[in-house]
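# Fold and geometry: a report
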Amino acid sequence: MPVDWVVVGLDNGGTTNNGTILDSGGRFLLDRMAEVPSDVREGPDKAIQSLVVSVEQVLGLTGVPITSVRAVGLDTPGPASGDGVISSKGATNFGHAGWRGFDIRGALAERLGLPVIYNNDGNSAALYAHHVRFGAESGQRSSVAAIVGTGLGGGIIHAGQVIKGAAGMAGELGHVPIPLDGLLGGGQSMPACNCGQSGDAESVASLTGIQNNLLPYWLTRYRHHELGGLPAGKAAKLVRKYAEDGDEMALAIFRQQAIAIGRLFTIAANFLDPDAYFLGGGVVEAAPHFRDWFFAEVRANTVLREEQARAAEISLVPDLDMAGARGSAVAARDWLIRQGHEVRTAGILFLRRRDQHDHDEASRLIALVVVVVRAAGRKAGTLARADGMALAGDRQRHGS
Ligand SMILES: [Zn+2]
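Nothing here was measured: the structure is a model prediction, and the numbers come from that model. (Residues numbered from 1 in each chain as written. Predicted model: local features only at pLDDT ≥ 70, side-chain atom pairs only at ≥ 80, totals over all residues. Heavy atoms only, no water.)

### A short note on helix 5 (residues 207-221)
Counted at 1.5 Å a residue, the expected span for helix 5 with its 15 residues is 21 Å, and the 20 Å between its end C-alpha atoms agrees. Helix geometry: helix 5 is bent most strongly at Leu214, by close to 45°, with proline Pro216 lying one to four residues after it. All of the buried residues along helix 5 are Thr208, Gly209, Ile210, Asn213, Leu214, Leu215, Tyr217 and Trp218. Contact partners of the buried residues in helix 5: helix 4 (201-204), helix 6 (232-244) and helix 7 (248-271). (Helix = DSSP H or I, 4+ residues; strand = E, 2+ residues; numbered from the N terminus. Expected span 1.5 Å × (residues − 1). Bend = angle between axes of the 7 residues up to and from the residue. Buried < 20%, exposed > 50% of the residue type's maximum accessible area, 1.4 Å probe, protein only. Contact = heavy atoms within 4.5 Å.)

Put into structure tokens, the structure is as follows:
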């Protein structure tokens, strides 16, 4: 198959890297996981080398030459800045001292000699779910994804792009406080989160929430339950299995999680009014009868206005094990395409000015840039500012 250009997507996890490859037409050239050990516990040097091995692996599996790769998408667990600097306070997956404040995106870019586009793993999975659902219309749609795992990850996509925020902390859905009235049982104490808050979505809807908050409470209500005799961590992981088997206490625990996610989606409905709400994580990969019950509970607790219920949908994140790598690849391809649009947009404006010997006010030109940028489906603010500055300099040269 002829290949003009491709991007590689890498999902960096605590034990493995998962890689994939996406061509310029938006087709994934790998339909399965391509994994290598991530070596993150051994520090940055080893881990960067493992990411390079991951790139070589997907190229080897597909027979695509490295010269066809134009960019690499990378995701890691957080906390990290929006452009891939690991938190200076360390992070669960990045315990080695060398990781503190380490620029994993920059280091990989330097090593490969290629642009590397960074997202956290929740945002990458959210972007992948968005693209699978909306395809060619991705750029006109918005979505929210909540992915239940050890924590509660996910992200917000608007107009096809990840919302990162000023400090890289947008879309931290797990740490949004949710109303708890009618959720907590009688005498149940306020659930605490590792982030320091109480009563946020992750304090209920996560494996950590089960272990620290929900299971200890429910074991006081079901004093002779088998799970009471096990270490907390082990018991927490078994709750899903019990729920699949119809265990009353386990279902009460998952009902609280479903209410929490429904309330989180309700907040999203009023804040963002997205086209889609995606739900992902271990719970949706569970036995179908249990998954469907859980999903129905989430829907029942998501309060949408009539107009919103007609316009939006709630659905599952597909191919969750590959979503991080694939979302990373989508982000890299989108970035490349935006670079192309930017060049053409600037070229058109430049020609127009020179050909017409246009000496209009800078404000009119900036207005023109804003219109063109919006037509290309970008966020108007950032690019319009950058283009406007370039034009102002141009104008000064004309004037002198
Ligand atoms: Zn929190």
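### Thoughts on the pairing of strand 1 (residues 6-12)
Most of strand 1 sits out of view: seven of its seven residues are buried. By the alternation rule, side chains of strand 1 split into Val6, Val8, Leu10 and Asn12 and Val7, Gly9 and Asp11, which are all buried. As paired strands, strand 1 and strand 2 (residues 16-23) are joined by seven bridges and run antiparallel to one another. The partner of Asn12 across the bridge, within strand 2, is Asn17. In this sheet, strand 4 (residues 69-76) lies alongside strand 1 in parallel orientation, the contact comprising six bridges. In the strand pairing of strand 4, Leu10 is matched with Leu74. (Pairing = 2+ DSSP bridges.)

### Observations concerning the coordination of the zinc ion
The zinc ion binds to the protein through His175 (ND1), Cys193 (SG), Cys195 (SG) and Asp200 (OD); the donor distances cover 1.9 to 2.3 Å. Look at where the donors of the zinc ion fall in the sequence and you get H-x17-C-x1-C-x4-D. Looking at Cys193, the relative accessible area reads 10%, which means it is buried. On the basis of relative accessible area, Cys195 is assigned to the partly exposed category, the value being 40%. (Donors = N, O, S within 2.8 Å, 3.2 Å for Na, K, Ca; no water.)

### Overview of the packing of aromatic side chains
For any pair of aromatic rings, the description consists of the separation of the ring centres together with the inter-plane angle of the planes. One pass over the full model with this rule turns up 10 aromatic pairs. A ring pair is formed by Phe265 and Tyr277, whose centres lie 5.3 Å apart and whose planes are at 50°; its orientation type is tilted. Of this pair, Phe265 sits in helix 7 while Tyr277 sits in strand 9 (residues 276-281); the two residues are 12 residues apart in sequence, bridging distant segments of the chain. Like Phe265, the residue Tyr277 is buried in the burial classification. A ring pair is formed by Phe290 and Phe294, whose centres lie 6.4 Å apart and whose planes are at 40°; its orientation type is tilted. Residue Phe290 and its partner Phe294 are both found in helix 8 (residues 288-300); the two are separated by four residues, about one turn of the helix. Both residues of the pair, Phe290 and Phe294, count as buried. Between Arg326 and the ring centre of Phe28, over which it is positioned, the NZ or CZ distance is 4.3 Å. (Phe/Tyr/Trp six-rings, centres within 6.5 Å; stacked < 30°, edge-to-face > 60°. Lys NZ or Arg CZ within 6 Å of the ring centre and 35° of its normal.)

### Notes on the environment of Ala107
By secondary structure assignment, the location of Ala107 is in helix 2 (residues 104-112). Those residues within four positions of Ala107 in sequence are excluded, and the remaining contacts are Ile48 and Phe102.

### A look at unusual backbone geometry
Following Gly78, the chain continues into Pro79 via a peptide bond in cis, with omega recorded as -5°. Take Pro79: it is sitting in the loop between strand 4 and helix 2. Although it is not a glycine, Asp319 adopts a positive phi angle of roughly 40°. Mapped onto the elements, Asp319 comes out in the loop between strand 10 (313-316) and helix 10 (320-356). For Asp319, a relative accessible area of 37% translates into the label partly exposed.

### Section: the sheet that holds strand 2
The strands making up a sheet associate through backbone hydrogen bonding, with each pair oriented either parallel or antiparallel. The sheet built from five strands is open, its strands ordered 3-2-1-4-5 with mixed pairing. With partners counted over all chains shown, the strands left at the sheet margins are strand 3 (34-37) and strand 5 (116-120), one partner each. Going across the sheet, the axis of each strand differs from the next one's by a mean of 25°, ignoring polarity. The pairing of strand 4 with strand 5 spans five bridges and is parallel. (Axes fitted to C-alpha atoms, helices over the stretch in contact; angles between N-to-C directions.)

### Looking at the side chain of Ser87
For Ser87, the position within the fold is in the loop between strand 4 and helix 2. Classification of Ser87 by relative accessible area gives buried; the value is 18%. Each residue touching Ser87, except ones within four places of it in the same chain, is listed here: Pro79, Ala80, Trp99, Arg100 and Gly101.

### A look at the sheet that holds strand 6 (residues 143-148)
In spatial order, the strands read 8-7-6-9-10; together these five strands make up an open sheet with mixed pairing. Taken across any chain shown, the strands that pair with only one partner, and hence form the sheet edges, are strand 8 (161-162) and strand 10. Here four bridges tie strand 9 to strand 10, and the two strands are oriented parallel to one another. Residue Ala276 lies in a different strand from strand 10, and its bridge partner there is Glu313. Running over the sheet, helix 3 (residues 121-134) touches strand 6, strand 7 (152-158), strand 8, strand 9 and strand 10 and is turned about 50° from strand 7. Against the sheet, helix 8 makes contact with strand 9 and strand 10, and its axis sits at roughly 150° relative to strand 10, the strand it touches most.

### Some thoughts on the nonpolar core
In this structure, Ile210, Val239, Ile253, Phe254, Ile261, Phe265 and Phe294 are the most contacted members of the largest nonpolar core, which totals 48 residues. Contributing elements (two or more residues each) for this core: strand 6, strand 7, helix 4, helix 5, helix 6, helix 7, strand 9 and helix 8. Ranked by residue count, the leading element in this core is helix 7, at 14 residues. Residues in contact with Ile253, not counting those within four places in the same chain, are Ile210, Leu214, Leu215, Trp218 and Val239. Counting 29 residues, the second largest nonpolar core, distinct from the first, contains Leu10, Ala34, Leu51 and Val58. (Core = buried A, V, L, I, M, F, W, Y, C linked by side-chain atoms within 4.5 Å.)

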